[in-house]
Amino acid sequence: MPGDDMQPVPVPIDGTLDLHTYQPREVQELLGDYIAECRSSGIHEIRIIHGKGTGALRRTVHAALEKLPAVASFRLADESGGAWGATLVRLQP
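Here the structure is a predicted model, which means the values were calculated and not measured. (Residues numbered from 1 in each chain as written. Predicted model: local features only at pLDDT ≥ 70, side-chain atom pairs only at ≥ 80, totals over all residues. Heavy atoms only, no water.)

1. So, the overall build of the chain
Per the secondary structure count, the chain includes 2 helices and 4 strands. Start at the N end of the chain and walk to the C end: the helices and strands fall as β-α-β-α-β-β. When burial is assessed residue by residue, the chain has 34% of its 93 residues classed as buried. The contacts of the chain with a sequence gap of at least 6 include a subset with a gap of at least 24, amounting to 58%. (Helix = DSSP H or I, 4+ residues; strand = E, 2+ residues; numbered from the N terminus. Buried < 20%, exposed > 50% of the residue type's maximum accessible area, 1.4 Å probe, protein only. Contact = heavy atoms within 4.5 Å.)

2. Remarks on the sheet that holds strand β1 (residues 16-18)
Read from one edge to the other, the open sheet built from 4 strands follows the order β1-β2-β4-β3, with strand pairing classed as mixed. Each edge of the sheet is formed by a strand with only one pairing partner; in this case those strands are β1 and β3 (71-76). Neighbour-to-neighbour, the strand axes of the sheet open up by a mean angle of 20°, direction not taken into account. As paired strands, strand β2 (residues 45-49) and strand β4 (residues 86-91) are joined by 5 bridges and run antiparallel to one another. Each bridged residue has a counterpart across the sheet, and for isoleucine 46 the counterpart in β4 is valine 89. In the packing of helix α2 (residues 56-67) onto the sheet, the strands contacted are β2, β3 and β4, and the crossing angle to β3 comes to about 160°. (Pairing = 2+ DSSP bridges. Axes fitted to C-alpha atoms, helices over the stretch in contact; angles between N-to-C directions.)

3. Remarks on the nonpolar core
Note on soluble globular proteins: their nonpolar side chains tend to be buried together. Ranked by internal contacts, the top residues of the largest apolar core, which has 19 residues, are Leu19, Leu31, Ile46, Ile48 and Leu65. The greatest single-element share of this core, amounting to 6 residues, is contributed by helix α1 (residues 24-40). Filtering out sequence-adjacent residues up to four positions away, leucine 19 remains in contact with Val27, Leu30, Ile48, Ile49, His50, Leu57 and Val61. (Core = buried A, V, L, I, M, F, W, Y, C linked by side-chain atoms within 4.5 Å.)

4. Observations concerning α2
Taking 1.5 Å per residue, 12 residues should reach 16 Å; α2 reaches 17 Å between its end C-alpha atoms and fits that length. The complete set of buried residues in α2 reads Leu57, Arg58, Val61, His62, Ala64 and Leu65. When α2 is viewed along its axis, its buried side chains cluster within an angular range of 165° and face the same direction. In this structure, α2 carries Glu66 and Lys67 as exposed residues pointing more than 90 degrees from its buried face. The elements touched by buried residues of α2 are α1, β2, β3 and β4. (Expected span 1.5 Å × (residues − 1). Arc of directions from axis to C-beta.)

Right under this line is the structure:
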């Protein structure tokens, strides 16, 4: 079937993950993989952009972050970092 052999899309490991192009069902696995790559690259503070919208994606992100042992803490960004459209995450060293 078309689309069954889709290749993974490389995501830059730079401390900012923009989820606008991802489906909610992809978020949990993506977050775990991205966080692991950030930690192995020495990045321990990241920003996840989920957008403001209805808040559904933000809740999905926060629920996933709560389950990841590599996450030390997280909070919504301030006005300069995207406000409630982004979440700042501090990772375990």
